[in-house]
Amino acid sequence: MTRASILPDDEVFADFKRQCLSSENWLSKYNKNDMQVWIEIPPPNTAPKVHKIRCKMAIKDVSAATMYDVIHDGEYRKTWDPNMLESFDIAKLSDNADVGYYSWNCPKPLKNRDVVTLRSWQVKDDEYIIINFSVKHPKHPTHSNLVRAVSILTGYYIKNTGPNSCTFIYLSQADPKGSLPKWVVNKASQVLAPRVLKSVHKAGQKYPEWKRQNRPNQKPWLHPEQSSLPKMNPAELSIQRADSLENVDETSKMDAQENEDSS
């Protein structure tokens, strides 16, 4: 297997779609207001780990194509994502893949997180798929003031259900690292996911008007020739495994901070 094969192929996209649409081995955790959340039931006798979570939203007023644009559009994200600290694309890997950086605010006393991911996408008829996973980039090592999180597999499956409606599915297995107990991570993801999806939906409602006023024809995810990113050989990247990053103990930092605050 060559290093260049880090780029997802058709089989990877097909498997992601299968997971998004599968009804086996998923446990329902939330179901109301056109929103459903499941967690994957892990195979028996496997070590506890972070859950794979899946959220499905029935969107009745935004097309699949618009929701797809919203997920891709980094400039627009700055206007609607309140948790974002910094986000930028690093390099282009192919016509349908890039590598990027994202950091976000975490509630105190936790440290903020960041992630470097390879993102790839595929459009077929009325189906749109975007997937990402964490990679090691030689020029973007971990920061001392941030905890490097790991996306094992995260992505979106968006399918038209009408001219102005779609099914929007978000699937993610991610490890925030740090010293958070896994049950806290799993519980938080179930609560946060519907909230995040609602804000993405709201962003979709406002996107056409915003885009009309902000470089309306600039969509490099649809028109690769528009990309101004530097080209990078995918072989320079390697998959970031969760177990190769140390767990930062945030509790001692919390205690130190409390002592400082009280002195």
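It should be noted that the structure appears before, not after, this text.
Everything quoted here is computed from the prediction, not taken from an experiment.

Asks: Residues and numbers for the packing of aromatic side chains, please.
Replies: Taken as a whole and assessed by the stated rule, the structure comprises 8 aromatic pairs. Between Tyr76 and Tyr207, the ring centres sit 4.9 Å apart and the planes meet at 65°, which makes this aromatic pair edge-to-face. Here Tyr207 lies in helix 4 (residues 182–213) and Tyr76 lies in helix 3 (residues 74–80), a separation of 131 residues in the sequence. Tyr207 matches Tyr76 in its accessibility class, with the two residues each being buried. For the ring pair Tyr102 and Trp104, a centre distance of 5.6 Å and an interplane angle of 25° mean the geometry is stacked. Taken together, the aromatic side chains of Tyr76, Tyr207 and Trp210 make up a single cluster linked through ring pairs. Over the ring of Trp26 we find Arg54, and its NZ or CZ is 4.4 Å from the ring centre. Across the ring face of Trp38, the terminal group of Arg54 is positioned such that the distance to the ring centre comes to 4.3 Å.

Asks: I'd like a description of the pattern of salt bridges, backed by residues and values.
Replies: Per the stated rule, a full pass over the model turns up 15 salt bridges. In this structure, Asp81 engages Arg77 in a salt bridge whose closest nitrogen and oxygen atoms are separated by 2.8 Å. Assessed through its relative accessible area of 10%, Asp81 is described here as buried. Between Asp126 and Lys159 there is a salt bridge; the shortest N-O distance is 3.3 Å. Here Asp126, found in the loop between strand 6 (113–124) and strand 7 (127–136), pairs with Lys159, found in strand 9 (residues 150–162); they are 33 residues apart in sequence, far enough to count as distant. You can call Asp126 partly exposed: its relative accessible area is 28%. For Lys159, a relative accessible area of 29% corresponds to the partly exposed category.

Here is what the cut-offs are and how they apply
Residues numbered from 1 in each chain as written. Predicted model: local features only at pLDDT ≥ 70, side-chain atom pairs only at ≥ 80, totals over all residues. Heavy atoms only, no water. Phe/Tyr/Trp six-rings, centres within 6.5 Å; stacked < 30°, edge-to-face > 60°. Helix = DSSP H or I, 4+ residues; strand = E, 2+ residues; numbered from the N terminus. Buried < 20%, exposed > 50% of the residue type's maximum accessible area, 1.4 Å probe, protein only. Lys NZ or Arg CZ within 6 Å of the ring centre and 35° of its normal. Salt bridge = Lys/Arg side-chain N within 4 Å of Asp/Glu carboxyl O.

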